Amino acid sequence: MSTPVHLTPARRPAAVLASARQRREGSRTGSPYRNPAEHALLGIQAGAGNRAATAAVQRARAGEQAGGQGSAPQNSTAPAGAQKKNYRDRIAGLLDRFKKNLDPIDTFIKGVQTPANAGFTQQAAAAANEGLKHSAAASGTSAASGNLLTEATGTVVSGMDAYKNMKDARKHETGAGHHTAGKKAKVKGTDAVVGAAGSGAYSAAIAKEVTKIQKAADAAVASEASGIASASVAALKSARSVFRVGGAARKYRKVKELGDPHLVHAESLARLNESREHANWAAAEAFVALDAYWKQDGEGRLELIGEAVDAAWEAMGEARDAAETLQRAERDVEKLNTVQGYAKKKQLTKIGKETVGGALGESTKAAAGVVTAVAAGTAGLASNPVGWGLAGAGAGLVLGVTLYKALRAATKRYEEVRRPEVWAPQGETPAEAASRSESLKHALKFWKKVSKGERQAMAREIYALAAGPHIPGSGGTTQEMRQSGMALLIALKAGPSDHKLDEDAWVASLDDPAKTDAWIKEIAEQLASG
C-alpha cells in the first residue's frame, strides 16, 4: 500500500455533522448510549462515515492533482470546440474516478449498514427504545446520504458517457465502431435513468429518517413514500436484470448451436489430410523417378535428371504446404473450440450474476420496500421483522455478487502485471513482470480496468479466425474456418445487420487492417454483454 497523504480534512456531510451534534447533546442531557446495540450501531456509522468519506475525497483530489501535474500546458491556439471537448472529458474522468472511490463505501453501506439499521429499527420498535430508534434514524440518514452521493455521481457519469457514445455512433454511422458506441449509449442511457430514479429513492429515504429524528407528525407518510420509492427502483433494477439474463441466454444458445468445432470441421480436416497424403505420395514417386534417371545411361541423361530434380523439388514443396495447411487448420479448430467455450462461459457467468444479484436480490429488496410501505401505512412507524429479513436477504445477495465481481477484477489486475506474457498479443514483446508487492498494489486499484486480460486475448483470437487474408496472421486460414469465425461473430451479435452493413461490406470490413482495433474492441464488448 502506498504511504497515505495527509491532507486537510474535507468538509463533512451535513447529515454526519448533525448526527455527531445530536450525540453530544444526548450526552450533555444525561442520556449516554449505554445499550450495546446502540454502541454497535454507532460503530457501523463511524466505519462508513467521516473517515471513509474523507479518504474517498482525498483520493479523488490526489488523482486530480496528479493529472494536473502530469499534463502538458493547454494550447491557447486550439479550437474552442476541441478545448470544450477536452474539458468535458477531464470532468467526466474526474467524476468517474470519484464515483469509483465512493463505490467501496457505498457497497459497505448497502450490504452492512442499511440492513443493520433495519434490524436496529425493528429492535427499537419492539422494545419501545426511543434512544435506539433515534440512533437508527441518524445512522439511516448518514447511510442514505452516502448512497445518494454515489448514485447521483454515477447518474451524471452515465449521462455523459451516453452522450459521448451517441456522438460516436453518429460519427461512424456503420460498422463495428458504430455498433459498439450505439450499444454503450443505450446501456449508459438506461443506467442514467435508473440512477436518477435511485437518487429520488435515496432522497425519500433521507426525508424519512429526518422526520423520525425530528419526531414529525408526518413521519409515517414519509416512511410509506420511501418504501414505495425504494420498491419501485428495486423492481426497475430487477426487470433490467431479467432482460439481461434473457439476452445472455439467447446469445449462449446461438453460440451453442454452432456445434462442436471438432465435429463440424471433421470432413474438411479429412480432406486436408487426404491432400497431404497425396502430396507425400507424389513426392515419393518423384524421388523414385529421380533415382531411376540416376541409374540410366545414354544421351540426354543429365537433362532428364535436371527435370526429375525440379519435379521432386516441386513435389516436396507441395507436400510441405499441404502439411502446414493441415497443421494450421488443426490449430484453428482448437482455437475455435476454446473461444466458443469461453463465449459460452461468459454468458453463463453473466446469467448467474444477473439472476442472483439482480433478478433475485433486487426483487427481494423490492418486496422489503413494499412491506415497509404497508407497515408504515397501517401501523405508523412500527417496524416489521419480515421487512427486516427481506431487506437483509436482498442486501446479502447483492453484496455477495458485488464482492465476487471485485475479487475477480482484482485477480485479473494482479495477473495483468504479474504475468504479462500470458495474454500479451502475438508478436508483441510483453512488458516486464512486476514484483509480487507491486502486483498486489495494482490489484487494489479498483478504479482501473483490465486492458490486457483473457477477454481481450479471446477477442483477438476470434478476429484472427474471421478476418480476411489481408490481415497479418490470417492469410493461412482456410475458407471453412473463416466461415466458422464469421458465424461466431453473428452469434455474438456482431453480424452485418448489427453493424448496418450488407454482407459484402461487412466481410470487407473484416479484411481492412485499419479497422482491426475497432473490431477487437467490438468483439470484447460482445463477449462481456448479453
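Since this is a predicted model, take the numbers as computed values, not measurements.

## Observations regarding the pattern of salt bridges
What the rule picks out here adds up to twelve salt bridges. For the salt bridge of K184 with E525, the shortest nitrogen-to-oxygen distance reads 3.5 Å. Taken together, the residues K184 in helix α6 (residues 175–214) and E525 in helix α16 (residues 516–528) connect sequence positions 341 residues apart. Assessed through its relative accessible area of 26%, E525 is described here as partly exposed. One salt bridge connects R419 with E415, and the closest N-O pair in it is separated by 3.0 Å. Its relative accessible area of 28% is what places E415 among the partly exposed residues.

## Describing the confidence of the model for the chain
On average, residues of the chain carry a pLDDT of 78, and 76% of them reach 70 or more. Below pLDDT 50 for its whole length, residues 36–42 participates in 19 contacts with residues either more than four positions away or in separate chains. Within the model, the stretch residues 44–57 combines pLDDT values under 50 with 28 contacts to residues more than four positions away or in other chains.

## Re unusual backbone geometry
A positive phi angle is found at E173, which is not glycine, with a value near 70°. With respect to the secondary-structure elements, E173 resides in the loop between α5 (130–172) and α6. Of note, the phi angle at K500 is positive, near 60°, even though the residue is not glycine. The residue K500 is located in the loop between α14 (479–491) and α15 (503–510) in this model.

## Re the packing of α14 against α15
α15 packs onto α14 with a crossing angle of 110° between their chain directions and a minimal axis gap of 12 Å. Between α14 and α15, the angle falls in the class roughly perpendicular. Together, M486, L489 and I490 of α14 and W506, V507 and L510 of α15 make up the contact between the two elements. Split into classes, the residues belonging to the contact of α14 with α15 amount to six nonpolar, no polar and no charged.

## Observations concerning the environment of T355
For T355, the location among the structural elements is in helix α10 (residues 301–379). In the structure, T355 is positioned 46 residues away from V401 in sequence and 9.9 Å away in space, judged by C-alpha atoms. Excluding residues within four positions of it along the chain, T355 makes contact with V245, L360 and G361.

## Comments concerning helix α9 (residues 266–295)
If you check α9, its first and last C-alpha atoms are 44 Å apart, about what 30 residues at 1.5 Å a residue would give, namely 44 Å. Residues of α9 that are buried include every one of S268, L269, A279, A283, A286 and L290, and no others.

## Overview of the nonpolar core
Counting residues in each nonpolar core, the largest one holds 32 residues, and the members touching the most others are I462, Y463, L489, W519, I523 and L527. Mapped onto this core, the elements with two or more residues apiece are α10, α13 (454–466), α14, α15 and α16. Per-element accounting of this core gives the leading share, seven residues, to α10. Discounting residues that sit within four places of it in the chain, I523 has contacts with A459, I462, Y463 and L489. One finds A279, A286, A315 and A322 within the second-largest nonpolar core, a separate group that totals seven residues.

## Here's the deal with the packing of aromatic side chains
In this structure the tally under the stated criterion is two aromatic pairs. For the ring pair F446 and W447, a centre distance of 5.2 Å and an interplane angle of 85° mean the geometry is edge-to-face.

## What to know about α5
With 43 residues, α5 should reach 63 Å at 1.5 Å per residue; the first-to-last C-alpha distance of 62 Å fits that figure. Directly after α5, the chain includes E173, whose backbone phi takes a positive value near 70°.

## Focus: the environment of L397
Summarising the element assignment, L397 is placed in helix α11 (residues 385–418). Looking at L397, the relative accessible area reads 29%, which means it is partly exposed. For the pair formed by L397 and K353, sequence separation is 44 residues and the distance between their alpha carbons is 9.8 Å. Ignoring anything within four residues of it in the chain, the contact list for L397 reads V356, G357, L360, G361 and T364.

## A look at the packing of α13 against α16
At their nearest, the axes of α13 and α16 sit 8 Å apart, and the two run at 120° to each other. The pairing of α13 with α16 is recorded here as oblique in orientation. By crossing handedness, the relation of α13 to α16 is classed as right-handed. Contact residues: R455, M458, A459, R460, I462 and Y463 in α13; T516, W519, I520, I523, A524, E525, L527 and A528 in α16. In terms of residue class, the contact of α13 with α16 is made up of ten nonpolar, one polar and three charged.

## Examining the environment of P469
Of note, P469 is situated in the loop between α13 and α14. Considered as a pair, P469 and R482 are 13 residues apart in the sequence and their alpha carbons are 9.7 Å apart. With near-sequence residues (within four places) excluded, P469 lies in contact with S474, G475, R482 and D511.

## Here's the deal with a negative patch on the surface
Judged by side-chain charge, E303, E307, D310, E314, E318, D321 and E324 come together as a negatively charged surface patch. Of note, E307 is situated in helix α10.

What counts, and at which threshold
Residues numbered from 1 in each chain as written. Predicted model: local features only at pLDDT ≥ 70, side-chain atom pairs only at ≥ 80, totals over all residues. Heavy atoms only, no water. Salt bridge = Lys/Arg side-chain N within 4 Å of Asp/Glu carboxyl O. Helix = DSSP H or I, 4+ residues; strand = E, 2+ residues; numbered from the N terminus. Buried < 20%, exposed > 50% of the residue type's maximum accessible area, 1.4 Å probe, protein only. pLDDT = per-residue confidence, 0-100. Contact = heavy atoms within 4.5 Å. Axes fitted to C-alpha atoms, helices over the stretch in contact; angles between N-to-C directions. Parallel < 35°, antiparallel > 145°, perpendicular 65-115°, else oblique. Nonpolar A, V, L, I, M, F, W, Y, C, P; charged D, E, K, R; others polar. Expected span 1.5 Å × (residues − 1). Core = buried A, V, L, I, M, F, W, Y, C linked by side-chain atoms within 4.5 Å. Phe/Tyr/Trp six-rings, centres within 6.5 Å; stacked < 30°, edge-to-face > 60°. Left-handed = near helix turned anticlockwise from the far one by under 90°. Patch = residues over 30% accessible without salt bridge, like charges linked within 9 Å, V, L, I, M, F, W, Y side chains within 5 Å. Areas by Shrake-Rupley, 256 points an atom, 1.4 Å probe, with all protein chains shown as cover. Lys, Arg positive; Asp, Glu negative; His and termini not counted. Charge placed at Lys NZ, Arg CZ, Asp CG, Glu CD.

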